[in-house]
Every structure is written in structure tokens, then in C-alpha cells.
Amino acid sequence: MRLGKRAWIAILVGGGLGSTLLGLAFLVLVVPRVVAHYSWSVERLFRQAPQQPIAFTHATHAGDAQIPCLFCHRGADTEAAATIPSLEQCMFCHRFIVGTTEAKQAEIRKVIDAFNNQEPVQWVRVFRLPDHVRFVHEAHIRAGFTCSDCHGAVETMTTMRQVQRSLKMGDCVGCHRQNNAPTDCAICHY
Ligand code: HEC
Ligand code: HEC
Ligand code: HEC
Ligand code: HEC
Ligand code: HEC
């Protein structure tokens, strides 16, 4: 089959455009993921804060109202888990505080309704290690670390997200080495 000049041009231009698009798609979709897999600093740019069932903000509570972290996360200096507060703890204030703006009233209403209907709020976890890993908050607080060393400037966050560090195995072990803390496998693995 003989192809005319026009047909060749069409094929070359079309093919060129096709591979340009493929190349672009590769750059936009694939490269960041591969780089993110190997680099935490890139990964965190792509890590989204999850949508929570109630628009609770740390900036209001830990920032503006200066409520201490331990008032809500009561296990952090005594137990393995820091724990997420129960609705009873929220109602300590929200029996009286109903919100100054319409947006806040709507979200606080959800807290009060959930409490009255005894429906626990299904918060989406942001920091979660695999089940085979053991982590103990108490030991780290006792060693002198602060919440922000691992969780970042929480008191400025409107939505909770992981920014400060990767908390991957290399990160844990690296800090343990620096501080002469144990690094044998059985310390962190069941
Ligand atoms: C020590 C008091 C106190 C406690 C405890 C408390 N809150 Fe609040 N909350 C406030 C204050 C103060 C505001 C700001 C109200 C305003 O500006 O209108 C607020 C605002 C809110 C808002 C509106 C959005 C925002 O964050 O600004 C939501 C939603 C909310 N609280 C949920 C909760 C939940 C859920 C809990 C329990 C985990 C809780 N609160 C515990 C004092 C408290
Ligand atoms: C008024 C109660 C309250 C106070 C005060 C508070 N928190 Fe929270 N915290 C919550 C609630 C409710 C959640 C779950 C919703 C969310 O992730 O935003 C949460 C979630 C978190 C999480 C994410 C847990 C996970 O894995 O999903 C971290 C980390 C955290 N808080 C740290 C802090 C630190 C650090 C402070 C002090 C600077 C603080 N919180 C103060 C109520 C509180
Ligand atoms: C050495 C790093 C480190 C420090 C310091 C630290 N955390 Fe955590 N935090 C973690 C890790 C890792 C997880 C995930 C634990 C898991 O999945 O078992 C976590 C999980 C949490 C959670 C989710 C619920 C839970 O009980 O696991 C909350 C809330 C939290 N941290 C709050 C705090 C607060 C408040 C402080 C300061 C008093 C603090 N953390 C200090 C590393 C740290
Ligand atoms: C910022 C530094 C730092 C980071 C990050 C860190 N650790 Fe630690 N961790 C320590 C130090 C220091 C100790 C020793 C505390 C002591 O002397 O009891 C410790 C102790 C522990 C212990 C022993 C608790 C016990 O029973 O006494 C476990 C388990 C542990 N870390 C797990 C982890 C895991 C898992 C991670 C990562 C998700 C992690 N750590 C991240 C500094 C860190
Ligand atoms: C200071 C805590 C700590 C110590 C010590 C530690 N690990 Fe881990 N390890 C973790 C954490 C956190 C994870 C989960 C996060 C991740 O995959 O990086 C993990 C994950 C793993 C995984 C699963 C990796 C995957 O891709 O799912 C294996 C296998 C493992 N560790 C083996 C070991 C062995 C073998 C040792 C001893 C030489 C060891 N770990 C010591 C914290 C630790």
C-alpha cells in the first residue's frame, strides 16, 4: 500500500502527539508516585488529610482555646495509646458551647446529636502502624519528646494530617540509634 504525503504527515503528527500525551501522563501520574515511594519529603506533598465525619479542628481547641493535648488524649503520658476522646469528654464543654457561627453550630450540633443518640463518632485514623508493630506513647513522653516532635504543629491544623516525619521503620530505628534506645527487632515487633 502506498501512502500519500498527507497521510504520512498525519501519521507522524498523530503519533508524535500520542507519545507526547503518553509522556505527559507518565510525568504527571507515574513519576511523582515512584519518587514518593522512595522519599518521604515528596510523599507528604501528596498525602491528603482524610475527610472526618465531624469538622473538628485542632486550631480551635488546642490553638485558640489552648486546651492541653493531654486533656483530650489522656493515655499519651501513661499508656501505649494516646487515645481519641469520647463524646462525654466533648460534652464537658459542648453542653454549654454551641458555636458562634452557623458553620460551627452545624458541626457542634452533630456532636450533641451523636452523644444523645449514643452513636460513637467514626473518626478516620491518620497515624496508624501495621498490627505487627508495637508503639508506646508513654515511653517516648517519659524520654522527653513532645507531641510535635512526631505529629508536627497540631495546634495550627484545621484538618489533621501527617506532616512531621514518616514514622516508617527507618525513621523509628534512626531515632532509637541517636538516643541509645533499643533497636532489637523484638522491641517493636510482636
Ligand atoms: C474545654 C472545652 C472544649 C472541649 C472539651 C471540646 N470543645 Fe469543641 N469547641 C470549644 C470551643 C471554645 C469552640 C469554639 C466555639 C466557637 O468559636 O464558636 C469549639 C468548637 C467546636 C467545633 C466547631 C468547629 C471547630 O473546631 O472550630 C466542633 C465541631 C467541636 N468543637 C467539636 C468538639 C469535639 C468532637 C470535642 C470532643 C472530642 C470537643 N469539641 C471538645 C471547646 C471545647
Ligand atoms: C478537645 C479535644 C482535643 C484536644 C485538646 C486535642 N485533640 Fe487531638 N484529636 C481530637 C480528636 C476528636 C481527634 C480525631 C479527629 C481528628 O483527627 O481531627 C484527634 C486526633 C489527633 C491526632 C490524630 C490521631 C490519628 O491517628 O488519627 C493526633 C496526632 C492528635 N490529635 C494530636 C493532638 C495534639 C498534639 C494536641 C495538642 C497540641 C491535641 N491533639 C489536642 C481531640 C483533641
Ligand atoms: C515518638 C513519636 C511520637 C510522639 C512523641 C507522640 N506520638 Fe502520637 N503517635 C505516634 C505513632 C507512631 C502513632 C501510631 C500508633 C499506632 O498506630 O499504634 C501515634 C498515634 C497517636 C494518636 C492516635 C490514637 C492512638 O492512641 O494511637 C494520637 C491521638 C496521638 N498519637 C497523640 C499524641 C499526643 C497528644 C502526643 C504528645 C503527648 C503524642 N501523640 C506524641 C508517634 C508519636
Ligand atoms: C524522636 C525519637 C524517636 C522516634 C521517632 C521513635 N522512638 Fe521509640 N523510643 C525512643 C527512645 C529515646 C526510647 C527509649 C525510652 C526509654 O528509655 O524507655 C524509645 C522507646 C521505644 C519503645 C520501648 C517502649 C518500652 O516498652 O519501654 C518502643 C516499643 C518504641 N520506642 C517503638 C517505636 C516505634 C515503633 C517508632 C516508630 C513508629 C518509634 N519508637 C519512634 C525514641 C524514638
Ligand atoms: C524502633 C522500632 C523498630 C525496630 C527496632 C524494628 N522495626 Fe521493623 N518495622 C517498624 C515499623 C514502624 C514498621 C512498619 C512501617 C514500615 O513498613 O516501615 C516495620 C516494618 C517491618 C517489616 C515489614 C515491612 C513491610 O514492607 O511490610 C519487617 C519485615 C520488619 N519491620 C522487620 C524488622 C526486623 C527484622 C528488625 C530487627 C532487625 C526490625 N524490623 C526492627 C519498626 C521497627
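A quick note: this is a predicted structure, and the numbers were derived from the prediction, not measured.

At Gln66, a position not held by glycine, the phi torsion is positive, near 50 degrees. Mapped onto the elements, Gln66 comes out in the loop between helix H3 (58–64) and helix H4 (69–72). Phi at Leu167 takes a positive value of approximately 55 degrees, unusual for a residue other than glycine.

Our next topic: helix H9 (residues 169–178). What H9 keeps buried is the set Asp171, Cys175 and His176. With its buried residues spanning 130 degrees around the axis, H9 presents them on a single face. Every exposed residue of H9 that faces more than 90 degrees away from the buried side is listed here: Met169, Gly170 and Arg177. Buried residues along H9 sit in contact with helix H7 (137–142) and helix H10 (185–188). One or two residues past the end of H9 sits Asn180, with phi positive at roughly 50 degrees.

Turning our eyes to something else, we now look at the site of ligand 4. Close to ligand 4 lie 19 residues, the nearest being Arg134, His140, Cys172, Cys175 and His176. One of the side-chain nitrogen or oxygen atoms of His140 is found 2.7 Å away from a nitrogen atom of ligand 4. Within the side chain of His176, one N or O atom sits 2.7 Å away from a nitrogen atom of ligand 4. At the level of secondary structure, the elements contributing two or more residues to the shell around ligand 4 comprise H7, H9 and H10. Looking at side-chain class alone, the shell around ligand 4 contains 13 nonpolar, 3 polar and 3 charged residues.

Around ligand 2 there are 22 residues in total, and His58, Cys69, Cys72, His73 and Val126 lie nearest to it. Gln52 has a polar side-chain atom sitting 3.4 Å from an oxygen atom of ligand 2. In the environment of ligand 2, an oxygen atom lies 3.0 Å from a nitrogen or oxygen atom belonging to the side chain of Arg125. Looking at the shell around ligand 2, the elements with two or more residues in it are H3, H4 and helix H8 (147–151). Here the element with the most residues in the shell around ligand 2 is H3; it accounts for 3 residues. Residue composition of the shell around ligand 2, by class: 15 nonpolar, 5 polar and 2 charged.

This brings us to the coordination of the iron atom of ligand 3. Coordination sphere of the iron atom of ligand 3, protein contribution only: His137 (NE2) and His151 (NE2), at 2.0 to 2.1 Å. With 6 donor atoms in place around the iron atom of ligand 3 and angles of 85 to 178 degrees between them, the coordination shape is octahedral. Of this pair, His137 sits in helix H7 while His151 sits in helix H8; the two residues are 14 residues apart in sequence, bridging distant segments of the chain. Assessed through its relative accessible area of 21%, His151 is described here as partly exposed.

Calculation rules
Residues numbered from 1 in each chain as written. Chains lettered and ligands numbered in written order. Predicted model: local features only at pLDDT ≥ 70, side-chain atom pairs only at ≥ 80, totals over all residues. Heavy atoms only, no water. Helix = DSSP H or I, 4+ residues; strand = E, 2+ residues; numbered from the N terminus. Buried < 20%, exposed > 50% of the residue type's maximum accessible area, 1.4 Å probe, protein only. Arc of directions from axis to C-beta. Contact = heavy atoms within 4.5 Å. Near = heavy atom within 4 Å. Polar contact = N/O pair within 3.5 Å; in protein donor to acceptor, adjacent residues only side chain to side chain. Nonpolar A, V, L, I, M, F, W, Y, C, P; charged D, E, K, R; others polar. Donors = N, O, S within 2.8 Å, 3.2 Å for Na, K, Ca; no water. Tetrahedral: all angles 85-135°; square planar, octahedral: opposite > 155°, others 65-115°.

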